[in-house]
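Architecture and fold: a report
The primary structure of each chain is shown beneath.
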Amino acid sequence: MDPVVIPLLVAALVVVFLVASTVRIVPQARRYNIERFGRYRRTLQPGLNLVVPVADRINTKLDVREQVYSSDPRPVITEDNLVVNIDTVLYYQITDPRAAAYEVADYLQAIDQLTVTTLRNVIGSMDLEETLTSREEINSRLRAVLDDATGKWGIRVNRVEIKAIDPPHTIKEAMEKQMRAERDKRAAILHAEGERQAKILTAEGTKQKDILEAQGAQQAMILRADGEAKAVELVFQAVHRNNADPKVLAYKYLETLPHLASNDNNTFWVIPGELTEAVRTVTRAFGDDTTAGPPTPGQPAEAATADGDGTSDEAGIPQLERGSTPSLDAAAAADEAGKQAAAAVSDAKAEAEAAKSAQLPRRARTSDD
């Protein structure tokens, strides 16, 4: 080999080494701290950077993106002397690479220890119930303390979150029993409230039902009474319009007598005192114009007195003269009407006695029972 080639190769290698030592390429979101002869010189930014070979060297490489650090569970004593294990999640970001490399030896360990001490100070002033329900307050107080302490380290704490709070096992069982009792209490209250509402609604429905039934019965009675009143009025108008005489009314009166004892519940019935007058009226109906009976107590004196001839009264009813006797036809009609009335009375009495005798065994059986 040519002796000149070897020095050239060595020179080329030295040049390549020097060039490689001079050029530094920094990735995005990275920062390199450069020291010259052991002293901090500058911080390389992302991209192509030139340094002095042999004199400059890279001391630390830092990531300036937001990073997450999860700590291990740490025991913390609450105000009511209960030990709980709390682990936290820390979101931080390096803002000053020089301070993060030269102001603190290990910033992660420093942040972890500072978090533990701050947690113990904060949780120590709270009881267990307040600790479990005041996570936002704990997070804000932790963030304020950490942000103030880590500012000189070139680190900004963005968020601090409590990941878990684990009380002792016995406390967990007590809390579960308390929650179960609270849920049972709420369930019992809701059940009682539902029953109360159901009873109130049932009572209101029954009240409305009774009111509507009473109103319906009232309306029915009013309509029934109106109907009966109109029927009586129509009958009364028909009687007066047709000019029915006392003979027809007396005959209808006799026809109604057998129906007085037609009901099975009737044990006795009363023969009205107007029966004699009705029979007398029917007798006059079947007699001639000259027949008449003696005046009844219900008739006025003017109706019982005749005119000068003694043939008729003012109402036009035939009257007998003094000492005269009724004709055979009138007597037969009166006898026939009396027999019919007596037969009707006898039938009614027989039916009443039959109904009474039928009820006696029934009452005897009821008393025996």
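To start, this report covers the structure provided alongside it.

The rules we used
Residues numbered from 1 in each chain as written. Predicted model: local features only at pLDDT ≥ 70, side-chain atom pairs only at ≥ 80, totals over all residues. Heavy atoms only, no water. Axes fitted to C-alpha atoms, helices over the stretch in contact; angles between N-to-C directions. Helix = DSSP H or I, 4+ residues; strand = E, 2+ residues; numbered from the N terminus. Parallel < 35°, antiparallel > 145°, perpendicular 65-115°, else oblique. Left-handed = near helix turned anticlockwise from the far one by under 90°. Contact = heavy atoms within 4.5 Å. Pairing = 2+ DSSP bridges. Salt bridge = Lys/Arg side-chain N within 4 Å of Asp/Glu carboxyl O. Buried < 20%, exposed > 50% of the residue type's maximum accessible area, 1.4 Å probe, protein only. Patch = residues over 30% accessible without salt bridge, like charges linked within 9 Å, V, L, I, M, F, W, Y side chains within 5 Å. Areas by Shrake-Rupley, 256 points an atom, 1.4 Å probe, with all protein chains shown as cover. Expected span 1.5 Å × (residues − 1). Arc of directions from axis to C-beta. Polar contact = N/O pair within 3.5 Å; in protein donor to acceptor, adjacent residues only side chain to side chain.

Describing the packing of helix H3 (residues 107-123) against helix H5 (residues 135-150)
At a minimum axis distance of 10 Å, the contact between H3 and H5 shows a crossing angle of 140 degrees. Our classification of the angle between H3 and H5 gives oblique. The element H3 and its partner H5 pack so that their crossing is right-handed. In this structure, H3 contributes Ile 111, Leu 114, Thr 115, Thr 118, Leu 119, Val 122 and Ile 123 to the contact, and H5 contributes Ile 138, Arg 141, Leu 142, Val 145, Leu 146, Ala 149 and Thr 150.

A look at the sheet that holds strand E5 (residues 56-63)
Spatially, E3-E2-E5 is the arrangement adopted by the three strands of the open sheet, whose pairing is antiparallel. Two strands in the sheet have a free side with no partner beyond their single neighbour: strand E3 (39-44) and E5. The mean inter-strand angle of the sheet, taken between neighbouring strand axes irrespective of direction, is 25 degrees. Note: strand E2 (residues 30-36) against E5, seven bridges, orientation antiparallel.

Looking at the pattern of salt bridges
Under the definition given, this model contains nine salt bridges. For Asp 56, the salt bridge is made with Arg 36, and the minimal N-O distance between the two is 2.5 Å. With Asp 56 in strand E5 and Arg 36 in strand E2, the pair connects residues that are 20 residues apart, well separated along the chain. Look at Asp 56 and you get buried, because its relative accessible area is 7%. We note a salt bridge from Glu 193 to Arg 196, for which the minimum N-O separation is 2.7 Å. Remark: Arg 196 and Glu 193 occur in helix H6 (residues 169-242); sequence separation between them is three residues, near one turn of the helix.

Some remarks on a nonpolar patch on the surface
Taken together, the side chains of Ile 6, Val 10, Val 14, Phe 17, Leu 18 and Val 54 make up a nonpolar region of the molecular surface, amounting to roughly 560 Å² of accessible area. Tracing the backbone through its elements, the reader meets Val 14 in helix H1 (residues 5-22).

Some remarks on H5
Between its first and last C-alpha atoms H5 spans 22 Å; for 16 residues at 1.5 Å apiece the expected length is 22 Å, and the two agree. Every buried residue of H5 is listed here: Ile 138, Asn 139, Leu 142, Leu 146, Ala 149 and Thr 150. Within H5, the buried residues cover an arc of 105 degrees as seen down the axis, which keeps them to one side. Pointing more than 90 degrees away from the buried face of H5 are the exposed residues Glu 136 and Asp 148. Close packing links the buried residues of H5 with strand E8 (83-94), H3, helix H4 (128-133) and strand E9 (155-166).

A look at the side chain of Asp 87
Following the sequence through the fold, Asp 87 ends up in strand E8. A relative accessible area of 10% means that Asp 87 is categorised as buried. Polar side-chain contacts of Asp 87 include one of 3.0 Å to the backbone nitrogen of Ala 164. In this structure Asp 87 touches Ser 71, Asp 72, Pro 73, Ile 162, Lys 163 and Ala 164, once residues within four positions along its chain are discounted.

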